[in-house]
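Observations on the model geometry
Residue strings, one per chain:
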Amino acid sequence: MIAKTLSSAKYALVSFRRNPAATFFTIIFPVLFLVIFGLVFGSGEMGPADQRVKVSTFIVPGILALSIVSATFVNLAMNQVIRREAGQLKRLRGTPLSPLGHIVGQILAALVIVVFMTVLVTVIGRLFFGVEFNLSSIGVFSLSVALGAIAFSALGLAITAIIPNDDAAPAITNATVFPLYFISDVFFFSGGDSSGFIDALGDFFPIKPLAESLQDSYNPFIESVSIPWGKWAVIAAWGMFGIALAARFFKWTPQTERR
Amino acid sequence: MSLAIEVTGLTKSYKTKSGDTIDAVKGIDLHVAEGEILAFLGANGAGKTTTIEILEGFRNRTSGTVQVLGEDPQDPSRSWREDIGIVLQESSPDRSLTARESVSMYASFYDAPRPVDEVLEIVGLTDSSGQRTKALSGGQKRRLDLAIALVGNPKLVFLDEPTTGFDPSARREAWKMIEQLRNLGATVLLTTHYMDEAEHLADRIAVINGGLISAEGTAADLAEQVKLLTRIAWDPAEVPAEAIPDLFRPELQKTTGELAIETTEVTAVVHALTDWATSNGGRIDSLSVMKPNLEDTFLRLTAGGEAQ
């Protein structure tokens, strides 16, 4: 059972690595955002008067959140819909690989990409923008990454239920997450000048809590990072919601089948 | 003789979006012995795929009992799928993997798979095993499908329309491969809407028609069954319907305007016709007496339930 699950993960990664569109959107795209934002806005300063930090300090965890969402939510939603419409999921159901084995295998593959992106984004942030990672926070930080990755994987599997075919997959997944990036400390950082509505909206959805739970690990003024229970609770709640929806509505057979 | 598949009184009804109920399968009994190759022959919409997907465990039945390799496919044990190989009607492999990787991946999902090289050899993909599947031709993809179905070393193989959409030479090739399954000792249930395919490949044919099995037997049995009914047709202007005994009920053909009878009593009908013509001083230039060919046999057996 474990060997079958690991094998499923292995071939998902082989397939991912050879798929130019998937690697572009999951790896190149976040790196491009990181470099562009870092170059354009990164050297500005923000934060309270006695704790001014460079904007890149926030860009790095923001782009890391985007990377996690891309590697899990977007990546899984797209490739599971493609596999479903090609009849591959149905075919897998005809083998001794259990449904859970397939799901866990696919999520494991996404987690490998998440780990890769976490290291890549952190290293680029350090080398090009001088953003230091606080190694003493590695425990809390890793749990934040893992929690985010699992929650967004679940949501990615859940959203496949409303994606009718492969053509619709990129549009629906991107339309779901892109607006959220703008209110989630990923593309812009909310100042104190808004009515609070946008902040509240960002706090409600899981991307901003994920970005914020990663921020402290890159902030030189925070020596000991405390556990962001509230943010984790929001991410976990969305994750549970995703699991419940996926368990109920995930489809294994092509939806565009002639019948 | 032990049975690989045992089906009694199988029915399946669907609700359509408009709320109507469609009875796709209306009560099928089916027995397939171990090692036997059975063809499920029927037109599109006859209920072939619905039935095979119930046997494969992809759909739940409405009523009836089903045993496949001794288990109910609706509630199988964990090991049940180890012994079953499936070729779906429509599926395409992961485009980014090579043919060999695809087979290896599926092999890894079975406890006791057949060696990957051996399977590639069986389906004749050894030479193209290093190619990405997106570069394979349609025929090669179908072979890969079969390789994936065989790699688990199944006792029972389901093939849903394995050659639909193939040109004649690709079909011949596919047939050769399916024939090899017999040598491997597997039980095979295949669906097709080609009479010649069923005749060529199967030990036994079950004709499915409007959700029911309308005929069953070897190809020769079926041909015999229908061959007995010879079609006699003529122009009613030459001989009226009343000329022949009441026992026969000729039907007026809308398209040709002819009267036609399908019967075993060729002599009696022809005698009545010629007798009437002779005693009324007429001629019967339009008379035709036709024995059905293979194609007619199939059409007759599967024509929208009329044969029943």
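Now for a look at the structure at hand. (Residues numbered from 1 in each chain as written. Chains lettered and ligands numbered in written order. Predicted model: local features only at pLDDT ≥ 70, side-chain atom pairs only at ≥ 80, totals over all residues. Heavy atoms only, no water.)

**Section: the pairing of strand S2 (residues 21-33) of chain B**
Residues and elements named next belong to chain B. As a reminder, the rule being used: The pairing criterion is simple: DSSP has to find at least two bridges between the two strands. Here a helix means four or more residues in a row that DSSP labels H or I, a strand means two or more in a row labelled E, and each is numbered from the N terminus.
Bridge count for strand S1 (residues 3-15) against S2 is 10 bridges, and the pairing is antiparallel. Across the sheet, residue serine 13 finds its bridge partner in S2, namely aspartate 23. Hairpin connection between S1 and S2: a loop of 5 residues separates the two successive antiparallel strands, and glycine 19 in this loop has a positive phi of roughly 95°.

**Looking at the sheet that holds strand S10 (residues 230-234) of chain B**
Read from one edge of the open sheet, 4 strands run S11-S12-S10-S13 (chain B), paired in antiparallel fashion. A strand with exactly one partner marks an edge of an open sheet, and here the two such strands are strand S11 (251-252) and strand S13 (288-290) of chain B.

**Structural notes on helix H2 (residues 20-41) of chain A**
Residue and element names in this part refer to chain A. Defined as follows: Multiplying one less than the number of residues by 1.5 Å gives the expected span of a helix. Fitting one axis to the seven residues ending at a residue and another to the seven starting there, the bend at that residue is the angle between the two axes. Burial classes: relative accessible area under 20% of the type maximum marks a residue as buried, over 50% as exposed, and values in between as partly exposed (1.4 Å probe, protein chains only). The contact criterion used is simple: two residues touch if any of their non-hydrogen atoms lie within 4.5 Å.
When the terminal C-alpha atoms of H2 are compared, their 29 Å separation across 22 residues agrees well with the 32 Å that a helix rising 1.5 Å per residue should span. By the largest-angle criterion, isoleucine 28 marks the main kink of H2, which is about 35°, and a proline, proline 30, follows within four residues. If you check which residues of H2 are buried, you get Ala22, Thr23, Thr26, Ile27, Pro30, Val31, Phe33, Leu34, Phe37 and Gly38. Check the buried side of H2 and you find it contacts helix H1 (2-18), helix H3 (56-85) and helix H5 (99-129).

**Points about empty space enclosed by the protein**
One water molecule sets the probe size; rolling that probe over the atoms shows where empty space is left. Let me state the cut-off plainly: The pocket and cavity definitions rest on a 1 Å grid over protein atoms only: a 1.4 Å probe that fits but cannot leave marks a cavity, an open set with protein on both sides within 12 Å along at least five of seven lines marks a pocket, and residues lining either have an atom within 4 Å of a point. Grid points are joined across faces, edges and corners, and a volume is the space filled by probe spheres set on the points. Throughout, the ten residues Ala, Val, Leu, Ile, Met, Phe, Trp, Tyr, Cys and Pro are labelled nonpolar, Asp, Glu, Lys and Arg are labelled charged, and all others, Gly among them, are labelled polar.
Here the structure, examined in full by the defined rule, presents 4 cavities of 30 Å³ or more. Lining the largest cavity we find 15 residues, and of these Gln88(A), Ser92(B), Pro93(B), Asp94(B) and Tyr106(B) sit closest to its centre. Looking at the lining of the largest cavity, the elements that each hand over two or more residues are helix H4 (88-93) of chain A together with helix H2 (99-107) and helix H4 (138-150) of chain B. Class assignment for the residues of the lining of the largest cavity results in 6 nonpolar, 5 polar and 4 charged. Approximately 70 Å³ is the volume attributed to the second largest cavity. For the second largest cavity, the full set of lining residues is Val87(B), Arg142(B), Leu146(B), Leu159(B), Pro162(B), Ala174(B), Met177(B) and Ile178(B). Those elements that provide at least two residues to the lining of the second largest cavity are H4 and helix H5 (168-183) of chain B. Broken down by element, the residue count for the lining of the second largest cavity peaks at 3 residues, all from H5(B). For the lining of the second largest cavity, a count of residues per class yields 7 nonpolar, no polar and 1 charged.

**Regarding the interface of chain B and chain A**
The criterion, for reference: Throughout, buried area stands for the accessible area (probe radius 1.4 Å) lost by two parts on being put together, summed over both. Counted as salt bridges are all cases of a side-chain nitrogen of Lys or Arg within 4 Å of a carboxyl oxygen of Asp or Glu. By the criterion applied in these results, polar contacts are pairs of N or O atoms within 3.5 Å in which, for protein atoms, one can donate a hydrogen and the other can accept it, and in which residues neighboring in sequence qualify only through two side-chain atoms.
The partner chain A presents 22 residues to the 32 residues of chain B that form the contact. Taking both sides of the interface into account, the surface hidden between chain B and chain A amounts to around 2500 Å²; carbon and sulfur atoms contribute 50%. Along the contact surface separating chain B from chain A lie 6 salt bridges. As a salt-bridge pair, Arg18(A) and Glu101(B) come within 2.6 Å of each other at their nearest N and O atoms. For the pair chain B and chain A, the number of links is 15 residue pairs in polar contact (both at pLDDT 80 or more). Breaking the side of chain B that touches chain A down by element, the ones donating at least two residues are helix H1 (48-56), strand S5 (84-87), H2 and H4 of chain B.

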